[in-house]
Amino acid sequence: DVKVTQSSRYLVKRTGEKVFLECVQDMDHENMFWYRQDPGLGLRLIYFSYDVKMKEKGDIPEGYSVSREKKERFSLILESASTNQTSMYLCASSSQRGLGGGYTFGSGTRLTVV
Amino acid sequence: TQLLEQSPQFLSIQEGENLTVYCNSSSVFSSLQWYRQEPGEGPVLLVTVVTGGEVKKLKRLTFQFGDARKDSSLHITAAQPGDTGLYLCAGANNDMRFGAGTRLTVKP
């Protein structure tokens, strides 16, 4: 059963901490994505990557960075966590860009910053 | 402002009823996808529509892509409690943009 695995389902961090959210996929997909999901706002794209060591900013990259050292792993980093980064974070992967390329999502990490 | 507007935001119906939810945009998309998300889980892909006017059926779910490839609808016949969830549409060009979703509750 193919899957996208996010390392933590729930995290509580303090303001100012550096936070790492890990995502691993076992489908040999080229493309990986990080979204955050907030009520009434839907999924907003933070960063994405179409290849190893490649990264592109999405719609809301401020306060975040990413790392893709290996094809199967895409990490989201909150450099200095703030309370407005409390959210559900979803990682996804796909094998095709744009047309017809369905996303496989992880189960999400619910992050609370206190 | 959402690139993709979904309506209604919330829908609560009785088991056995029919329903339609909508996904509208001013942008043209190469393809459009529908996902369902259950509490505590990530979205799961239901269908991809590519051609303007295309209709796809998945058991009791019927998906339609608008002729101009700017909008889509999802119709559920004889809804069941297992259909409860958040239904998301996503439009694809070079990347994917999601609507905020319709939260459907089907009561037994």
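So, here is what we can say about the structure in this document. What you see is a predicted model; the values in this text were computed from it and never measured.

1. Overview of the overall build of chain B
Broken down by element type, chain B carries zero helices and eleven strands. For chain B, the α and β elements follow one another from N to C terminus as β-β-β-β-β-β-β-β-β-β-β. For 108 residues, the compact-globule formula gives about 13 Å, and the C-alpha radius of gyration of chain B, at 13 Å, lands near that figure. Judged by the C-alpha coordinates and their principal axes, chain B covers about 40 × 25 × 20 Å. Counting across all 108 residues of chain B, residues that qualify as buried make up 44%. Put simply, 53% of the contacts in chain B that link residues at least 6 apart link residues at least 24 apart.

2. Some thoughts on the packing of aromatic side chains
Each aromatic ring pair is specified by the distance between its two centres and by the angle formed by the two planes. Under the definition given, this model contains 15 aromatic pairs over all chains. A ring pair is formed by A:F105 and B:F98, whose centres lie 5.9 Å apart and whose planes are at 75°; its orientation type is edge-to-face. Taken as a pair, A:F105 in strand 11 (residues 104–105) and B:F98 in strand 10 (residues 96–98) lie in two separate chains rather than in one. Overall, B:F98 belongs to the buried group, its relative accessible area being 4%. The structure contains a cluster of three or more aromatic residues connected by ring pairs, namely A:F33, A:Y35, A:F48, A:Y50, A:Y103, A:F105, B:Y35 and B:F98.

3. Topic: the layout of surface pockets
Over the atoms a probe the size of a water molecule is rolled, and this reveals where empty space is left. Roughly 410 Å³ of internal volume is contained in the largest pocket. Of all the elements in the fold, those that place two or more residues in the lining of the largest pocket are strand 5 (31–38) and strand 10 (87–94) of chain A. By residue class, the composition of the lining of the largest pocket is seven nonpolar, nine polar and five charged. Taken as a whole, the second largest pocket encloses approximately 260 Å³ of empty space. Forming the walls of the second largest pocket are 18 residues, and the residues nearest its centre are A:V4, A:F105, A:G106, A:S107 and B:E41. Of all the secondary structure elements, the ones that give two or more residues to the lining of the second largest pocket are strand 1 (4–6) and strand 11 of chain A together with strand 5 (44–49) of chain B. The element best represented in the lining of the second largest pocket is strand 1 of chain A, accounting for three residues.

About the cut-offs
- Residues numbered from 1 in each chain as written.
- Chains lettered and ligands numbered in written order.
- Predicted model: local features only at pLDDT ≥ 70, side-chain atom pairs only at ≥ 80, totals over all residues.
- Heavy atoms only, no water.
- Helix = DSSP H or I, 4+ residues; strand = E, 2+ residues; numbered from the N terminus.
- Rg over C-alpha atoms; globule rule 2.2 N^0.38 Å.
- Buried < 20%, exposed > 50% of the residue type's maximum accessible area, 1.4 Å probe, protein only.
- Contact = heavy atoms within 4.5 Å.
- Phe/Tyr/Trp six-rings, centres within 6.5 Å; stacked < 30°, edge-to-face > 60°.
- 1 Å grid on protein atoms, 1.4 Å probe; cavity = no way out; pocket = protein on both sides within 12 Å on 5 of 7 lines; lining within 4 Å.
- Points joined across faces, edges and corners; volume = space filled by probe spheres on them.
- Nonpolar A, V, L, I, M, F, W, Y, C, P; charged D, E, K, R; others polar.

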